[in-house]
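An overview of the molecular structure
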Amino acid sequence: MRVSGDQKRLGALAAAELTYADPGATRDGLPPGYRHARRDAALGFGRAVFERAVDGLLAWEMHRRAGMAVTASEPSAVPGATVLLRLGIPPLGFLIPCRVVYRVEEPDRRGFAYGTLPGHPVRGEELFVVRLQPDGEVRFAIAAFSRPASLAARLGGPAGRKVQAIFTNRYVRAMQRIAEGPA
């Protein structure tokens, strides 16, 4: 069996340390000293919508539908799983390596947070959560903290923030399509 370049990189990242302090910091809010991003969007109503959204989120489908190639150490976002996201066509494009730092497993609230690994353009953590509200509404929330990890990212300044906003919007649209189910 032939191993792709991304699979080799993923293997090399297995022992890599996260590139920021305080893994899991998105559990209790966003820490100071970073750029913060938050988004909350409606996905629909009912338990079936909730389950579809959770399944798509945890199986990396949100990332695929947002336009990224996904190479992951696990088929589901479980603590310790390493994921290498690629934006663009090899060998061009950006590699975005992350590790799942925790998973949210509550009856009406599920998701995960991942943190950045060496090679990621920023340092920080991002949380993705699907919630089933008491009134039956299903909501999707993103909370992230980050700062540039490379000279190119620092020089990018406002452009980097714009890219983050574009991908946050792509994630929300992907989750809305996933929640709708098959056409």
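Residues numbered from 1 in each chain as written. Predicted model: local features only at pLDDT ≥ 70, side-chain atom pairs only at ≥ 80, totals over all residues. Heavy atoms only, no water.

**Let's talk about the pairing of strand β4 (residues 94-106)**
Spelled out, the test is: Strands were regarded as paired on the criterion that DSSP finds at least two bridges between them. Working definition: helices are DSSP H or I runs of at least four residues, strands are E runs of at least two. Numbering for both runs from the N terminus.
Where strand β3 (residues 82-87) lies against β4, six bridges are found, and the strand directions are antiparallel. The residue of β4 that forms the bridge with Leu 87 is Phe 94.

**Points about a positive patch on the surface**
How we decide: The patch calculation keeps residues exceeding 30% relative accessible area without a salt bridge and links them within 9 Å when they carry like charges or within 5 Å when they are nonpolar (Val, Leu, Ile, Met, Phe, Trp, Tyr). Accessible areas in this description were obtained via Shrake-Rupley with a 1.4 Å probe; residue shielding takes into account the shown protein chains only. Here, a salt bridge means any Lys or Arg side-chain nitrogen found within 4 Å of an Asp or Glu carboxyl oxygen. Counted as positive: Lys and Arg. Counted as negative: Asp and Glu, with His and the chain ends omitted from the count. For this purpose, a charge sits on NZ of Lys, CZ of Arg, CG of Asp or CD of Glu. Burial status follows relative accessibility: with a 1.4 Å probe on protein chains alone, a residue under 20% of its type maximum counts as buried, one over 50% as exposed, and anything between as partly exposed.
Among the surface-exposed residues, Arg 39, Arg 170, Arg 173 and Arg 177 lie close enough to one another that they form a single positively charged patch. The element that contributes the greatest number of residues to the positive patch is helix α5 (residues 158-180), accounting for three residues. In this fold, Arg 177 is placed in helix α5. Residue Arg 177 is classed as partly exposed on the basis of its relative accessible area of 36%.

**Thoughts on the pattern of salt bridges**
As enumerated under the stated definition, the model contains nine salt bridges in all. Beyond isolated ion pairs, a larger network of salt bridges with shared partners links Asp 40, Arg 131, Glu 137 and Arg 139.

**Quick look at the sheet that holds β3**
Worth spelling out the cut-off: To obtain an axis, a line is fitted to C-alpha atoms, over the contacting stretch when the element is a helix, and the angle between two such axes runs from 0 to 180 degrees between their N-to-C directions. Only heavy atoms enter the contact rule, under which two residues are in contact if any of them lie within 4.5 Å.
With antiparallel pairing, the seven strands of this open sheet are ordered in space as β1-β7-β6-β5-β4-β3-β2. The open sheet is flanked by β1 (35-45) and β2 (69-72), the only strands paired with a single partner. When the angles between neighbouring strand axes are averaged without regard to direction, this sheet yields 20 degrees. Pairing of β1 with strand β7 (residues 137-148), which is carried by ten bridges, proceeds in the antiparallel orientation. Residue pairing in the sheet places Arg 35 in a bridge with Ser 146 of β7. Its contacts with the sheet put helix α1 (residues 5-13) on β2, β3 and β4, and the angle it makes with β3 is roughly 140 degrees. The strands that helix α2 (residues 47-58) touches are β1, β4, β5 (109-116), β6 (122-132) and β7; relative to β5, the one it contacts most, it runs at about 20 degrees.

**A look at α1**
Applied cut-off: The arc in question is the one spanned by the directions pointing from the helix axis to the C-beta atoms.
Those residues of α1 that sit buried are Asp 6, Leu 10 and Leu 13. The arc that holds every buried residue of α1, seen down its axis, measures 60 degrees, which confines them to one face. Of the exposed residues in α1, those oriented more than 90 degrees away from the buried face are Lys 8 and Ala 12. Each element contacted by the buried residues of α1 is listed here: β2, β3 and β4.

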